[in-house]
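Structural overview
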Amino acid sequence: CQTSNVSRPTAACFCGAHSGAPADDSGFLLPHSCGEPCARRGRLADAADAPSPCPHTVCGALCHPGPCAPCAAMGPLRACHCGETDFRVRCSDERNRTGQSCGGVCNARLACGSHRCARVCHAGACD
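Residues numbered from 1 in each chain as written. Predicted model: local features only at pLDDT ≥ 70, side-chain atom pairs only at ≥ 80, totals over all residues. Heavy atoms only, no water.

A few words now on the overall build of the chain. Check the secondary structure of the chain and you find one helix and two strands. Ordering the α and β elements of the chain from the N terminus gives β-β-α. When each of the 127 residues of the chain is scored for burial, the buried share is 18%. Within the chain, counting contacts between residues at least 6 apart in sequence, those at least 24 apart form 30% of the total. Carbon together with sulfur atoms contributes 53% to the accessible area of the chain, which is approximately 8700 Å² in total. (Helix = DSSP H or I, 4+ residues; strand = E, 2+ residues; numbered from the N terminus. Buried < 20%, exposed > 50% of the residue type's maximum accessible area, 1.4 Å probe, protein only. Contact = heavy atoms within 4.5 Å. Areas by Shrake-Rupley, 256 points an atom, 1.4 Å probe, with all protein chains shown as cover.)

Okay, structure coming up:
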């Protein structure tokens, strides 16, 4: 390489929590791993940029190379589409964003005011 660097490059651990080369005398850590829980923000399974209902703010695995795994913790308690049943799934589960059917009859009052919806628990307006 014929390029000369005036400044010395600095090393940081994978998660960015520590600057400078982390020292590991034990030989059990990956090079450039600080050995502490990853300080990067956790992510959803398929939509890293989508608004996350996940209340967990960091990855939680030990400092590691590459992207963080989807959040494996349980998400907050959510109601089904009709509101009759509560459910809880992993934070990275798509149902935390889209909702879930309980499988029961919707039974919501229709716009006419005298009938109820007979469809299975569903997202969106009743017909």
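Let us keep going from here.
Another aspect to go through is the confidence of the model for the chain. Mean pLDDT over the chain: 80, with 79% of residues reaching 70 or higher. Counted against residues more than four places away or in other chains, residues 44-49, with its pLDDT under 50, gives 13 contacts. (pLDDT = per-residue confidence, 0-100.)

A word on the nonpolar core. With six residues, the main nonpolar core is built from Cys13, Cys15, Cys34, Cys38, Cys63 and Cys68. Each residue touching Cys63, except ones within four places of it in the same chain, is listed here: Cys13, Phe14, Cys15, His32, Ser33, Cys34, Gly35, Glu36, Pro37 and Cys38. (Core = buried A, V, L, I, M, F, W, Y, C linked by side-chain atoms within 4.5 Å.)

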